[in-house]
Each structure stands twice: as structure tokens, then as C-alpha cells.
Amino acid sequence: MWSRRQRRLRPLSCGVEELRCRRREREAALRKARREQQLVSKRLLRDEDPEKAEGYVAVILGEAEIQQFLRLAQRGTEEKEREKALVSLRRGLQHPETQQAFIRLEGSIRTLVGLLTSNQALLQLEAARCLHELSHSEQSTVAEACLPATSYLLTYLSGHSSDFISPHLTVLEALGYALSQLLQAKEAPEKIIPSVLGSPLPQHMLQLLQPGPKLNLGVAVEFAWCLHYIICSQVNNALLITHGALSTLGLLLLDLAGAVQRTEDAGLELVGEELACPVLRCLSNLLTEAAVEAVGEQMQLRDERVVAALFILLQFFLQKQPSLLPEGLWLLNNLTANSPSFCTSLLSLDLIEPLLQLLSVSNVVSVLVLTVVCNIAEKGPAYCQRLWPGPLLPSLLDTLAFSDTEVVGQSLELLQLLFLYQPGAVQAFLQQSGLQALQRHEEVAQLQDRVRALQQTAQHG
Amino acid sequence: MQLPPALHARLAGAPGEAEPLPVERDPAAGTTPFRFAARQDGDVQRHLYLQDVLTQVAGDPERPRVPEFTCQVAGCCQVFDALEDFEHHYHTLHRNVCSFCKRAFPSGHLLDTHILEWHDSLFQILAERQDMYQCLVEGCTEKFRTSRDRKEHLVTRHLYPADFRFDKPRKSKGPATPGPAVQVSAEALGGDQVPSEGDAMEVCFEHTELPPEPSGERRTYGHRIPSTICFGQGASRGFKSTKKRNKHQ
């Protein structure tokens, strides 16, 4: 599974460091563009279209022309001819007017679906690209017209799940991508997502995310993002939980961590990253659902291997993709928030020290780390005892020296819990010049009250 | 970030949940666990990924060509010059083949359904009394009295193309002949206007209407599908039900 993905990586013509540098620059540019609200994922892709870049302008096709291309694609005698017809159609479909004409034409989607499920691999691919184009549309009518095709196609493709081969996988990936585009439409939460949830699609999607020898990374990434958009819409996450989304995604996380463990090549830094992000997001977001507590044992996430997997991934992220650290820590936070069991796992697996090592990475990461430790400490004396002594106090004194208010604020929260539950904590704090560390923040508005409260506790017990 | 060595072993170990330490909160703590609300932002990772993907997908990948070769399955004379195409062909047309009537199906699931509906005499008996035709969409539990009703459901609920066929011989272009032969040719026609005895409507995921084969077989690329291969191209029937036509059909 992982090796297939390798073939799709562009060759490393530059050093890994340069790659990372470029990536950081791109990320910064994207964030900037996003802030300036220029960024719509669909538009971004269009601009990347090499055909467009070469000065190609999408031609508006009328219904008659579309029909002709479809007929040619369906019934042409020469394979090349049929393929070309679809390529022409695809180019036309880059234009919104062509898209409208296409969906107005009766039977057009059906024909496209027929081509998608034909036994001619190249036609399938071109038809899938046509579907891609349609899914880029910002007009809801087009998106809705495509949606039924998705259900049918997934049914067809799922039927092959035991013996997927290359063209199928590509079509499946294309389908996943097209669906992910549809799910981002403005009207998606009202119109599209409810019907998706009412269909067998979610179960199919989860099936495609099952770890194992048949998992295909490209396909999994697309459908993981689909799941992410569905979950974010919050239309019916309880349903996804009852379909076993938590356990599937949990097992997938274990699989990812396993792959990361086995990988040594620095050039494979892209391995798992694309999948890790949506999986972490989906899990984190699902864990905030009240529905989690309501489902049966099997549906819940209780396996402590998830914690082990998460730390293996965090270590990987630290080296290869630091922007994913907050994602992983977010999940860790949601895991520990209401689970004494997961908190205990962190303690018994000796993960506190590695966790604290992340404190110097960034302010965002530091806040998250401190919040996780707070989640553990707030469970009471039995937990605080296991947090003590160790590197915790020195780390806290370090973070109290940060200028970032949020970091300091979360440090104060943690201190308060330690003072309350851990005998000897106050004493040690005082001995390490803790009061001076607090003094620095006496005048900061958001921190004042807490600083004073802690000073009082420290001085008067 | 130094991870304890035992962690890797834990990942590989058995699933399990830690026995939680006792929880004991002091009201003075005033803190509740901080569970972050669902976050919806942050497509940046996705965009980065897509950018990467696009630079790879932009051009058609070079497909390795091999010297022309023929499918080795008996009776199949499809010719190929790329392994990928052959793989696809094989899996589509030869993988799930009915041992009774030699029809091929796109999936094991459909093959099973076909065998049940076509080659199981018990099915026919039960079908008289109850809804036996299962919806073909996995996960949908609807059952129907007739294959026609099932097809109707597939078209209206699951939006299957109206001209899909499951297991029926392909339409022939010859004129229909009157008399008892009408039934046979109607079946052969695969038309849904004339229902036939308990047979399954065809789910054929191949919609391209190919011209009927001329008598002289030539070896070419692409379209020729030999007569022993489904989808529906005149495959022989291993079992012909002699049951009376169901009134509803």
C-alpha cells in the first residue's frame, strides 16, 4: 500500500531541507491568500490547470455539441477517437456555461456514468476527469446533478473492493476527490450532506478507510477529506459514530503509526502526512460529540494503542511536518479530556516527559501540551502524584517566562491544580523562585486574578 | 522528542484499555477538562496536498507498452498492448464467472445474486410467495416481488441508468417473430416491456452499445466481446425455468 504511493512522489531533485523550506513558503502564501479571501480550493485548482496556464481558454459547448461528443465517446469505433471526444468534452466543461448545458441535456450524467463504468480503462479515466470538472462548479444545480452518480459509482466500485486494480483505483480516487468538492459547496449542509448521510455512501467510505493490505493511500486520502467535510457540517455525526467511524479511524491511525515506524527514508516525508491530517481531524471532531458516550462499547475509542500511535506520529511530525503537531495534540486533548483511562495510559506509558519536550516548539503547541497535562492533573491527587516530581516543575517555570499570554495562562491553570492536589508542590515551587516567575505577570489583565490567587496559595498555603 | 522504547512494543501489542486511576476532584479546582469544540477551518493542508497531486497528474502518465498479446481465457480473443488494460479486462470479464452458464459479472456479489436467482430452483418457489429479489446496492435491504420492481427501485432510488441490465441477453437488432418464439426473442431482446419468467433484470455496467459481431472474427483491439462472455452477449443458459409466468410480472 505505501509503496504504491511512492511511485507518485515527484523525484527528490533537491535536498529535504529545501523541500521543507519550499513547503513553508507555500504554506505561508496559502495562509495569506486565505486571509485575503482569495482562496477557494476549487478555484485554486483551476488556476493550476496546466492547459489553462498555456493560454488555453475553455470553450463553451452547446447541448448539441455535448451530445455529439458523448455519442462519439460511447459509440465511436476507434478507441483514440472516443478518448479524444471525452477530452474535448472535459475542456468544455471547464466553462460554467458548458456545465449548465451538460446537466440540462437529458441523460448526460447517465452516459457519463456509463463511461465511468465501462471496461475501457482510458475512457474511464477521461470520464472521471469530466466528473472532476463538473464537481468544480460553484453552481449548486451542477453539484446536485452529480451527486446521484456518486452513489451509483461507489456501489459499483465497492463491488470490486476485493480485487481493485489500477484503473479502478484511479477512478475511485477521482470520485472521492469530486465528492470532496461537492461537500464543500455552500449548500452542502442543507442539500447534499443529508442525502449523502441517508445513502449507503458513509458505510462505503468507511470501508475504503479500513486499514489492511488493500488500503490505497490515494483513495483513502480523498475519502478521509470527504468524511472531514461531512463531520464539520455537523449534520448528523451521531450516525457516523454508529457506523463505527471511531473504531475505523482509530485502527487507521494505528496503521499510519506502524508505517511511520517502518519508514526510514527521509524522502518519504510525504508518506502518511496527507492521510494523517484528515484522520486526526475527523477523530478529534467526532470525539466532541455527545453521541460518543451514548454508543456501545465496540463503537467507542478505548484502545490505549491509539495513544501510543499518536505519540509515534507526533515524533514523526516534529521531524518532518511540524504543522501537524497541533492536529495531533488537539486529538490528544480530546482523548484525555473526559477519559481517566487515557490519562492513566499517558502516565503508565511514560509519555509525560516526551510530551513536555514539545513545549519549546511554538506557542500554539505549548498551549496544547499544557492543556493536555491539565486534563490529567484535574482528575485528582492520584494523577498529580504520578506527574510529580519529574520535569514538570522546571518546564512550568520555563513556560512562565514566555511572553505569550495564553501559554502563561495555561501554565497558571496547571499550577493551581498541582498546588491543590500535590503536597509538596508549593514548597518546591517556592524553592525554585516561583514567586519571581509569577511577579512578571502581575499587571497583565487576563492573568492578574490567577496570578494573585496563586501567590496567595503559595505564601499562605 | 525521545519516546520510551516500550512504546513501539505497545503499538504492536494487544488492544486494551488502561485501568484508570481513581478520580477525585476538589470543588476548589474550578476547572473542567478542556475539550475543544469542533474545528472547521484549515484547508491549508488539503490545498498543499492537492497542489502536489496536480503537478503529478497534469499530464497523462506514460503507460508502458508491451508487444501485443491475447487474453488466454478460452474463447476470448481480446488483444492488448498494455498490461493495465489486460488486468482491467480480466477482472471485469473473466473474474466472476458463473460456472453454470458462463456469464461474467463485475463482482462476486453480483455473481452470487445471479446464481441465486437463476440457478437455484428453491428461489423460484419462494419467489412465488414472498419478496425475494434483493436490491443490488449493498447496504440497502429492500426486497421485491419481481425483478422488474427491483429494477424500478434501482432506477428511482439509487439512480441507476434506466437501461442497465442484469443478466439479460443483449438486445439483438433482428425483428421480433410472432408466436411462442416471442417469449424467447423478448428475452433475447432484453426489453423491459415484456416480462419473462422469473428472470433477473440485468445489471450490466457496460453501457456502450456495441454493434453485433460479424461472422468473421478478426483480432483487434478494444471492442470485440466473444459470444461466451457476458455481458449478455448470447451466453448459453444452463438452467431454464419452466415455471409459469408470475402474474405480477
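Criteria and thresholds
Residues numbered from 1 in each chain as written. Chains lettered and ligands numbered in written order. Predicted model: local features only at pLDDT ≥ 70, side-chain atom pairs only at ≥ 80, totals over all residues. Heavy atoms only, no water. Helix = DSSP H or I, 4+ residues; strand = E, 2+ residues; numbered from the N terminus. Buried < 20%, exposed > 50% of the residue type's maximum accessible area, 1.4 Å probe, protein only. Contact = heavy atoms within 4.5 Å. Areas by Shrake-Rupley, 256 points an atom, 1.4 Å probe, with all protein chains shown as cover. pLDDT = per-residue confidence, 0-100. Salt bridge = Lys/Arg side-chain N within 4 Å of Asp/Glu carboxyl O. Disulfide = S-S within 2.5 Å. Axes fitted to C-alpha atoms, helices over the stretch in contact; angles between N-to-C directions. Parallel < 35°, antiparallel > 145°, perpendicular 65-115°, else oblique. Left-handed = near helix turned anticlockwise from the far one by under 90°. Nonpolar A, V, L, I, M, F, W, Y, C, P; charged D, E, K, R; others polar. Arc of directions from axis to C-beta. Polar contact = N/O pair within 3.5 Å; in protein donor to acceptor, adjacent residues only side chain to side chain.

A. Summary view of the overall build of chain B. Along the backbone of chain B there are seven helices and six strands. Put simply, chain B runs from its N terminus to its C terminus through helices and strands in the order α-α-β-β-α-β-β-α-α-β-β-α-α. Relative to its 249 residues, chain B shows a buried fraction of 47%. A sequence separation of at least 24 residues applies to 47% of the contacts in chain B between residues at least 6 apart. For chain B, the exposed area adds up to about 13,100 Å²; of that, 55% sits on carbon and sulfur atoms.

B. Spotlight on the overall build of chain A. On a plain count of helices and strands, chain A comes out with 29 helices and zero strands. Across the 461 residues that make up chain A, the buried fraction comes to 62%. Accessible surface for chain A amounts to roughly 17,600 Å². Of this, 49% is attributable to carbon and sulfur atoms.

C. Highlighting unusual backbone geometry. Residues and elements named next belong to chain A. The omega torsion across Trp388 and Pro389 is -5°, close enough to zero to call that bond cis. Take Pro389: it is sitting in the loop between helix H24 (381–387) and helix H25 (392–399). Phi is positive for Gln234, close to 60°, though the residue is something other than glycine. In this fold, Gln234 is placed in the loop between helix H14 (217–233) and helix H15 (237–242).

D. Spatial organisation of the confidence of the model for chain B. Residue and element names in this part refer to chain B. Here chain B averages 62 in pLDDT, and 49% of its residues register 70 or above. Considering each helix and strand of chain B separately, the mean pLDDT is smallest for helix H7 (residues 181–189), with a value of 27, and largest for helix H1 (residues 6–12), with 93. Between residues 169–249, whose pLDDT stays under 50, and residues either more than four places distant or in other chains, the model counts 175 contacts. Under the prediction, the complex receives an ipTM of 0.74, its pTM being 0.65.

E. Region of the structure containing the pattern of salt bridges. In total, this model carries 12 salt bridges over all chains according to the counting rule given. The salt bridge partner of Glu17(B) is Arg302(A), with a shortest N-O separation of 3.3 Å. Separated into two different chains, Glu17(B) in the loop between H1 and helix H2 (44–57) and Arg302(A) in the loop between helix H18 (291–294) and helix H19 (305–320) make up a pair that spans both. Residue classification places Glu17(B) among the partly exposed positions, given a relative accessible area of 40%. One connected set of salt bridges, linked through shared partners, spans Arg90(A), Glu126(A) and Arg129(A).

F. View of the side chain of Thr248(A). By secondary structure assignment, the location of Thr248(A) is in helix H16 (residues 245–262). Residue Thr248(A) is classed as buried on the basis of its relative accessible area, which comes to 6%.

G. Region of interest: the state of the cysteines. All names here are of chain A. Per the counting criterion, the structure on display carries zero disulfides over all chains. For Cys277, which is in no disulfide, the shortest distance to another cysteine sulfur is to Cys282 and amounts to 9.3 Å. With no disulfide of its own, Cys282 lies closest to Cys232 among cysteine sulfurs, the gap being 7.5 Å.

H. Layout of H25(A). Residues and elements named next belong to chain A. Taking burial as the measure, the eight residues of H25 include six buried ones, the bulk of the element. Leu392, Leu393, Ser395, Leu396, Leu397 and Thr399 are the residues of H25 that are buried. Elements in contact with the buried residues of H25: helix H22 (352–356), helix H23 (363–377), H24, helix H26 (405–421), helix H27 (425–431) and helix H28 (434–439).

I. Broad picture of the packing of helix H20 (residues 325–337) of chain A against H23(A). All names here are of chain A. Across the interface, H20 lies against H23 with an axial gap of 9 Å and an inter-helix angle of 15°. Taken together, the axis directions place H20 and H23 in an arrangement best described as roughly parallel. When the axes of H20 and H23 are compared, the crossing they make is left-handed. The residues of H23 that touch H20, namely those facing Leu325, Pro326, Leu329, Trp330, Leu332, Asn333, Thr336 and Ala337, are Val364, Val365, Leu368, Val369, Thr371, Val372 and Asn375. Residues that form the contact of H20 with H23 fall into these classes: 11 nonpolar, four polar and no charged.

J. Highlighting helix H5 (residues 121–129) of chain B. All names here are of chain B. Every buried residue of H5 is accounted for by Phe123, Gln124 and Ala127. One side of H5 holds all its buried residues, which, seen down the axis, span an arc of 100°. Contacts from the buried residues of H5 go to helix H4 (108–119) and strand S5 (133–134). Measuring from the side-chain oxygen of the N-cap residue of H5 to the backbone nitrogen of Leu122 gives 3.0 Å; that N-cap residue is Asp120.

K. Quick peek at the packing of helix H5 (residues 63–75) of chain A against helix H6 (residues 79–92) of chain A. Residue and element names in this part refer to chain A. At a minimum axis distance of 7 Å, the contact between H5 and H6 shows a crossing angle of 150°. Comparing their axes, H6 and H5 come out roughly antiparallel. Considering the relative orientation of H5 and H6, their crossing is left-handed. The residues of H6 that touch H5, namely those facing Ile66, Phe69, Leu70, Leu72, Ala73 and Gln74, are Glu81, Arg82, Ala85, Leu86, Ser88 and Leu89. A per-class count over the contact of H5 with H6 returns eight nonpolar, two polar and two charged.

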